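What follows is the residue order along each chain.
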Amino acid sequence: MRASVAGAILLFFIFGLSNAQEIQVLEETSNEPIPGVAIFNSDKSKSTITNLDGKAYISSFENSEIITFKHMGHKEAFFTKAEIVANNNRVYLGNQENLLEQVVLSAGRFKMTKEETTQKIVSLSSEDVQLFSPQTSADLLESSGQVFVQKSQMGGGSPMIRGFSANRLLITVDGVRMNTAIFRSGNLQNVISVDPLAVEKTEVLIGPGSVVYGSDAVGGVMNFYTLKPKFSAGKTGFSGNAYSRYASANNEKTVHVDFNIGRENWAFLTGLTYSDFEDLKMGSEGPEEYLRPNYVIRRGERDVVVNNSNEKVQKFTGYNQINLLQKIKYMPGNDWDFNLGLIYSTTSDFPRYDRLIRKRNGEFRSAEWYYGPQTWFMGNFKINKDGDAVVYDKAQLTGAYQFFEESRNNRDFNEDILFKSTENVDAYSLNLDFEKEFEESRLFYGAEYVYNLVSSSARQFNIITAASRPDASRYPDGSTWQSLAAYLSYQWKINSELTFQSGARYNHILVDAEFDERFFDFPFSEAAINTGALTGSAGINWKQNRFFRWKVNLSTAFRAPNIDDVGKIFDSEPGAVVVPNPNLKPEYAYNGELGLDWTPSRNLQFSFATYYTRLKDAMVRRDFQLDGETEIEYQGEPSRVQAIQNASKAYVYGFEAGVFYDISVALRLSSQINVTKGEEEQEDGTKLALRHAAPIFGNTHLTWHKKRIKIDLFAEYNGQLDYNDLAPSEKGKAYLYASDENGNPYSPSWHTLNLSGQYELSEAWLATISIENITDQRYRTYSSGIAAAGRNLVLAMKYSF
């Protein structure tokens, strides 16, 4: 009897002791376990980490010593073991307020805080998407007040950052570069393929990013990080969201659903979004030049011009789009993490509105001009490895395949021939990235390989007889573009107030294109480019005191010639055709910037930045000779010969300012303003306005948030560009602009007043209502072919389960 009692007491003691050594770390509000929490003592001689259930053993720690709990996304906490035992072996960590906005990936492919970076990074969260209700990712970027967006049609959106656009900006999705060998220097709409409702976080690196991201990252890098699957401890978890939205200006109807199935070390996430947009209605107050009084329809075997019953409705702007997302995540242990991501996006045909409103001798030039479905697929497989190896603490391998398809279809007024061109790109990429952490510094390094295969074809189709015949393709069919690169970036935390960061990258570019000589007698049969580019950066982040934080950064960036530069044939403007040029080399940008955050009090912060960028050997479109000829026939029309050439220098400089003022606990005022000036050297040595230097622009928000209600009253505004301030290429596009008192095109200033409100009906239901452009202004953003929405009522409802 005594033996059994003694045994029971011993078992009870052992059981109680073992429980005392195992603790669990939980999220303060949701009570969910937190994996990956670093646990250590003051001199870090003892340490451990929580597992997938948020559990860890702390038997090595003394009862009285202070134990630190540290996890990205939560407030750092300090407890003694005795305190933890007294709290039933549980530790609760609170969310760090605004920490998601402070933690960034864009600066080095691994997590770091904004306080460590030497460049400006703008962050947008999924909560911003819910409040701003952007129809596309281009609209999401524009809502930041720090990215300007041009639109040629409703199915479009070409971002501009610090005077650069199109293929001088880089887009990445989940760390994979989206730019392909046919990204052009003209306005692009590829960003609309990214579904804003499937994006968890967006980061925009303002300024050059070639050290980490390579070619094209001249003006900035737009990083989209899609929704992540979530694990569930103990039992299978099922959660998700359903969302619907209606907008009156174009009768938008959007539905979205995503759901997550989580187990202990497996997680699956599926997302679907469908959007249908009808013709967009512009505002009532503004230039009459933007109205749509008539348009072209096909009647029998002829094209006829008919009157528009409502001149504010921009006929032939509607389209629809579908986006799919599938993610699978497997985590066999704390050290390994496997991720598979599949993304698919496609649109209907969508008209290029700016081409449909062009006129020649007072008559419409085009009867039809539309893009075929813009299709994008990406499959990426990512392996993350944490460890304490000699050469790395974190390693990441990313392999990706992407498929792009786009097409152009155009037919002149009362002509029978429809010109059709189709382009496909198969894009393969492999990235290997490492991080090694030292006592006061971190080293980031890696390698990248990119391969693009371009397929291009064209036909002339007779809409009367249905006969068709081959035509000159837009690009050399079967052409390839390859990039091999290695980079190194070093971050040194000199002390708690001063961080130094530097890096270098070498890129080698291979371009191969063979030209079809059936349609044009080129003086060359192929283009073979074999070139390299070396870039670097260095900067500091200095917290002078609690009032001032300085950022200084010097960097270079480059853009290598791609297939669009080397081998494209297209009509750049009425009466001009661009032909291939096989003698191109990379263009370089040299950039310097200075930033200051001034925090005079805990509830007030000012942010300032100024920069200067010089672009050398800029690839620009200039008049050209093709085998001695300055004019050739293209699509039945005599056209002046032009080509992309390393024939220019460009200079961009500007100033950015922002303010954040917490008037009270519930009320915040924020404002952002951007001033950009740019000049491009012309053939005669003169300097004229740079095409992608946007007018002054910004926004101001007054946001009130208390308990379940959030209200945002905000204004958006753009400055004016007079005729003399327009780039030469824009002066020739009078159909895009209003007319001044001399009959010359110019871009008027504009502003809108907007109101958004959110109400949490319950933990599961969130309602959003917005009235955009309350005063019904009629305006076009600079260089755009389509007028923006007039007064617009937006209704949205989200259900979380």
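Residues numbered from 1 in each chain as written. Predicted model: local features only at pLDDT ≥ 70, side-chain atom pairs only at ≥ 80, totals over all residues. Heavy atoms only, no water.

> I would appreciate a short explanation of the pattern of salt bridges in the present structure.
Side-chain pairs of opposite charge can arise whenever the charged atoms involved come near each other. Evaluated as defined, the whole model comprises 37 salt bridges. For Arg 162, the salt bridge goes to Glu 656, with nearest N and O atoms at 3.0 Å. Here Arg 162 is found in the loop between β12 (158–161) and β13 (164–165), whereas its partner Glu 656 is found in strand β45 (residues 637–662), with 494 residues between them in sequence. Of the charged contacts in the structure, one is a salt bridge between Asp 279 and Lys 315, with a shortest N-O distance of 3.9 Å. (Salt bridge = Lys/Arg side-chain N within 4 Å of Asp/Glu carboxyl O. Helix = DSSP H or I, 4+ residues; strand = E, 2+ residues; numbered from the N terminus.)

> So what exactly am I meant to see when it comes to the pairing of strand β48 (residues 697–706) here?
On any regular strand, side chains alternate: one points to one face of the sheet, the next to the other face. Here strand β46 (residues 667–681) pairs with β48 via eight bridges, running antiparallel. Across the sheet, Arg 668 pairs through a bridge with Thr 703, a residue of β48. One ladder, built from 10 bridges, connects β48 with strand β49 (residues 709–718); its direction is antiparallel. Residue pairing in the sheet places Leu 702 in a bridge with Leu 713 of β49. (Pairing = 2+ DSSP bridges.)

> How do you make sense of the environment of Leu 188 when you look at a structure like this?
Assignment of secondary structure puts Leu 188 in the loop between β15 (176–177) and β16 (199–206). When its relative accessible area of 8% is taken as the criterion, Leu 188 is described as buried. Between the C-alpha atoms of Leu 188 and Asn 167, which are 21 residues apart in sequence, the distance is 8.2 Å. Other than its neighbours up to four places away in sequence, Leu 188 contacts Gly 157, Ser 158, Ala 166, Asn 167 and Phe 183. (Buried < 20%, exposed > 50% of the residue type's maximum accessible area, 1.4 Å probe, protein only. Contact = heavy atoms within 4.5 Å.)

> Explanation requested: the packing of aromatic side chains in the structure shown.
The description of two aromatic rings rests on the distance between their centres and on the angle between their planes. This structure, assessed with the given rule, holds 29 aromatic pairs. Note on Trp 336 and Phe 338: the rings are 5.9 Å apart at their centroids and 5 degrees apart in plane angle, and the pair reads as stacked. Summarising the aromatic geometry, the rings of Phe 338 and Phe 381 are spaced 6.5 Å apart at their centres and angled 25 degrees between planes, so their arrangement reads as stacked. Linking Phe 338 in strand β26 (residues 336–347) with Phe 381 in strand β31 (residues 375–386), this pair joins segments that are 43 residues apart in sequence. (Phe/Tyr/Trp six-rings, centres within 6.5 Å; stacked < 30°, edge-to-face > 60°.)

> Is there a simple way to explain the confidence of the model for the protein chain in this structure?
Detailed reading of the predicted model is not advised wherever pLDDT is low. Here the protein chain averages 91 in pLDDT, while 95% of its residues score no lower than 70. Below pLDDT 50 for its whole length, residues 1–20 participates in four contacts with residues either more than four positions away or in separate chains. This stretch, residues 97–101, has a pLDDT under 50; its non-local contacts, to residues over four places away or in other chains, come to seven contacts. (pLDDT = per-residue confidence, 0-100.)

> Explain unusual backbone geometry here, please?
Excluding glycine, residues mostly have negative phi values, and the peptide bonds linking residues are mostly trans. Of note in the backbone geometry, Asn 414 takes a positive phi value of approximately 60 degrees without being a glycine. Topologically, Asn 414 is positioned in the loop between β32 (394–412) and β33 (417–437). Phi at Ala 466 is positive, roughly 70 degrees, even though this residue is not glycine. When its relative accessible area of 52% is taken as the criterion, Ala 466 is described as exposed.

> Is there a simple way to think about the sheet that holds strand β5 (residues 66–70) in this case?
Sheets are built from strands paired through backbone hydrogen bonds, the pairs being either parallel or antiparallel. Pairing is antiparallel across the open sheet formed by four strands, whose spatial order is β3-β2-β5-β6. In this open sheet, the two strands that pair with only one neighbour each are β3 (47–49) and β6 (77–80). Each strand of the sheet is rotated relative to its neighbour by a mean of 20 degrees, with strand direction disregarded. Relative to β3, strand β2 (residues 38–40) is paired through three bridges, and the arrangement is antiparallel. Pairing of Phe 40 across the sheet is with Ser 47, part of β3. (Axes fitted to C-alpha atoms, helices over the stretch in contact; angles between N-to-C directions.)

> Before we go on, may I ask you to explain the sheet that holds β12 in this structure?
Overall, antiparallel pairing links the three strands, which are arranged β11-β12-β13 in an open sheet. At either end of the open sheet lies a strand with only one pairing partner, and these are β11 (148–150) and β13. Pairing between β11 and β12: three bridges, direction antiparallel. Bridged to Val 149 within β12 is Pro 159.

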